[in-house]
Amino acid sequence: MIFSNSLEEHYAHLEQIFKICEEENIKLKFSKCVFAKDKINFVGYEIKEGCITLDNHNIESIKKLRPPKNVKQLQGFLGSVKVHNKFIDSYAKIREPLNQLLKKDKQWHWTAECQEPFELLKNKLVTKPVLQLYDPKLPLHVFCDASHVAIGAILKQPDSSGNLHPVSYHSRTLRIYEKNYCNTELECLATVDALDKFYYYLHGKEFIIHTNHAALVWLKNVKNLRGRLFRWSLKLSMFDYEVKYLKRTANVEADMLSRHPTAQYIQHSVHLLELDEIKTHQNLDNLDNSKYKKINDVLVLKKKNLFKIVVPFSLRRKVLQNAHEQFGHPGTQKMINLITPQYYWPHINQDISVFVKHCDVCQLNKKESQKRFGLLQTVPPTDRPSEYPSIDTVG
């Protein structure tokens, strides 16, 4: 991806890149390149001038989601939402009621208390939240807060009008031992955790921390620090920051798509196949409908509580090629992990293995994983018959 501030600069950047490619004998496929765009879709995100948001295809998938019916589906929902948690304010606190259903020996019972956070997480993504792209030239502001359930932080920078706009959200639930901390320690924990999360943005730069001022003052003034307090103090000393007091009442801020059984085929058709293309080829190949189920005019197979798209023979090589090229020529097992959760055809694992073994790029560029054989050595003379038996195979 090449970013430029103007069209003229973009042409200059392209000329430099093409020159390097020519010198290094690197070939680019024209059909996979786009030039001079003010907005692009990249790995599930829509990126345009100064901001980043979710792709429209992802939002459509979220709208179709239904409440999970068992622990497995809930794990899929939460695991996939976590991919986009940087867009969700107070993510960990919102999902806490859903975490209770994941506990061992906990009986499944979906209540209104579970439905509320489920809908709230959906709505926060459906409303297409926008994050500002990080700019190293602009000042940085970190907002932290803590409760007895979770800690959270927001990294902000001023936009063109001078208003602070989120660059990234972060939150997590408290671990069991952290729930024993006092309020002052929790405030310190929220700050230290935020600096850990945003380390690559903050280290080596001046920034402002907006939090309960007393927490950091207490940590600086307490004597004979030991254990975690000493570690926190040491970690804070690595940063160049200013603390600004923020009243608790004023500190109000502080994709899930691929794994859900009813929405996965919509999400992943964006990456490997187009939805219309799947429908057309399924009809042309005359697949045996008795074995499969039809959802939104797409044939799917229910396997291990997941609905997988049935890929017709005419599209199988395209799926393999797209997955292999888009994800950096992974090996057989990684290819299986990428494709099989969403797509199905008979003997799919065997086809993936054969495809990877016959990939010219992998054969030319990847190192052999086989350990080097030892050098041949002479066998020393023996003192008695049959002291050194030798075995070999024929044929």
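Residues numbered from 1 in each chain as written. Predicted model: local features only at pLDDT ≥ 70, side-chain atom pairs only at ≥ 80, totals over all residues. Heavy atoms only, no water.

In the nomenclature of an unreviewed UniProt entry, the protein corresponds to RNA-directed DNA polymerase from the organism Araneus ventricosus.

**Considering the overall build of the protein**
What the protein contains, in helices and strands, is 15 helices and 13 strands. Of the accessible surface of the protein, which amounts to about 25,500 Å², a share of 52% is contributed by carbon and sulfur atoms. (Helix = DSSP H or I, 4+ residues; strand = E, 2+ residues; numbered from the N terminus. Areas by Shrake-Rupley, 256 points an atom, 1.4 Å probe, with all protein chains shown as cover.)

**Focus on a positive patch on the surface**
Together, R66, K69, K293 and K302 make up a positively charged patch on the protein surface. Here K69 lies in the loop between helix 2 (56-63) and helix 3 (71-81). K69 gets classed as exposed once you look at its relative accessible area, which sits at 68%. (Patch = residues over 30% accessible without salt bridge, like charges linked within 9 Å, V, L, I, M, F, W, Y side chains within 5 Å. Salt bridge = Lys/Arg side-chain N within 4 Å of Asp/Glu carboxyl O. Lys, Arg positive; Asp, Glu negative; His and termini not counted. Charge placed at Lys NZ, Arg CZ, Asp CG, Glu CD. Buried < 20%, exposed > 50% of the residue type's maximum accessible area, 1.4 Å probe, protein only.)

**So, the environment of K137**
Within the element layout of this structure, K137 appears in the loop between strand 4 (130-132) and strand 5 (140-146). When the C-alpha positions of K137 and Q157 are compared, they lie 9.9 Å apart, and in sequence the two are 20 residues distant.

**Examining the pattern of salt bridges**
Per the stated rule, a full pass over the model turns up seven salt bridges. With a closest N to O distance of 2.9 Å, E185 and R228 form a salt bridge. One end of the pair, E185, is in helix 6 (residues 183-197); the other, R228, is in helix 9 (residues 227-236), with 43 residues separating them in the sequence. Between E277 and K318 there is a salt bridge, with its nearest N and O atoms 2.6 Å apart.

**Comments concerning the packing of aromatic side chains**
Describing an aromatic ring pair means giving the distance of the ring centres and the angle of the ring planes. In this structure the tally under the stated criterion is 11 aromatic pairs. Here the aromatic residues Y199, Y200, F207, F239 and Y241 are joined through ring pairs into a cluster of three or more. The ring of F143 is capped by K156, whose NZ or CZ atom sits 4.8 Å from the centre of that ring. (Phe/Tyr/Trp six-rings, centres within 6.5 Å; stacked < 30°, edge-to-face > 60°. Lys NZ or Arg CZ within 6 Å of the ring centre and 35° of its normal.)

**Comments concerning the pairing of strand 3 (residues 51-54)**
Examined bridge by bridge, strand 2 (residues 45-48) and strand 3 share four bridges and lie antiparallel to one another. Residue pairing across strands places I47 opposite I52, the latter belonging to strand 3. Taking the residues between adjacent antiparallel strands as the criterion, strand 2 and strand 3 are bridged by two residues, where G50 takes a positive phi near 80°. Here three bridges tie strand 3 to strand 4, and the two strands are oriented antiparallel to one another. Paired with I52 across the two strands is L131, which belongs to strand 4. (Pairing = 2+ DSSP bridges.)

**Things to note about the sheet that holds strand 11 (residues 298-303)**
Strand order in the open sheet made by the four strands is 10-11-12-13, with mixed pairing throughout. The strands lining the two open edges of the sheet, one partner per strand, are strand 10 (293-295) and strand 13 (343-344). With two bridges joining them, strand 12 (residues 306-310) and strand 13 adopt parallel strand pairing. In the strand pairing of strand 13, I309 is matched with Y343. Sheet strands touched by helix 11 (residues 275-284): strand 11 and strand 12. Its angle to strand 11, the strand with the most contacts, is close to 90°. (Contact = heavy atoms within 4.5 Å. Axes fitted to C-alpha atoms, helices over the stretch in contact; angles between N-to-C directions.)

**Overview of unusual backbone geometry**
Among all residues except glycine, the phi angle is most often negative; among peptide bonds, the trans geometry is most common. In the Ramachandran plot, H347 falls in the positive-phi region, its phi being about 60° despite a non-glycine side chain. In this structure, S386 is a non-glycine residue whose phi angle is positive, near 60°. Residue S386 is classed as exposed on the basis of its relative accessible area, which comes to 71%.

**Here we look at a nonpolar patch on the surface**
Together, I2, I17, F18, I20, I26, L28, F30 and F35 make up a nonpolar patch on the protein surface, roughly 760 Å² of accessible area in all. By the element assignment, F30 lies in the loop between helix 1 (7-23) and strand 1 (39-42).

**Topic: the packing of helix 13 (residues 332-339) against helix 14 (residues 348-357)**
Helix 14 packs onto helix 13 with a crossing angle of 135° between their chain directions and a minimal axis gap of 9 Å. Here helix 13 lies oblique to helix 14, going by the angle between them. Relative to helix 14, the crossing made by helix 13 is right-handed. Two secondary-structure elements touch here, helix 13 through T332, M335, I336 and I339 and helix 14 through I348, N349, I352, S353, F355 and V356. Of the residues in the contact of helix 13 with helix 14, the class split is seven nonpolar, three polar and no charged. (Parallel < 35°, antiparallel > 145°, perpendicular 65-115°, else oblique. Left-handed = near helix turned anticlockwise from the far one by under 90°. Nonpolar A, V, L, I, M, F, W, Y, C, P; charged D, E, K, R; others polar.)

**Topic: the sheet that holds strand 3**
With antiparallel pairing, the four strands of this open sheet are ordered in space as 1-2-3-4. Looking along the sheet, the strands with just one partner apiece sit at the ends: strand 1 and strand 4. Taken pair by pair, the neighbouring strands of this sheet meet at an average axis angle of 25°, ignoring direction.

**A few points about helix 6**
Between its terminal C-alpha atoms helix 6 stretches 21 Å, which fits the 21 Å expected from 15 residues at 1.5 Å a residue. Burial runs high along helix 6: 11 of the 15 residues are buried. For helix 6, the full list of buried residues reads E185, L186, E187, C188, L189, A190, T191, V192, D193, A194 and L195. (Expected span 1.5 Å × (residues − 1).)

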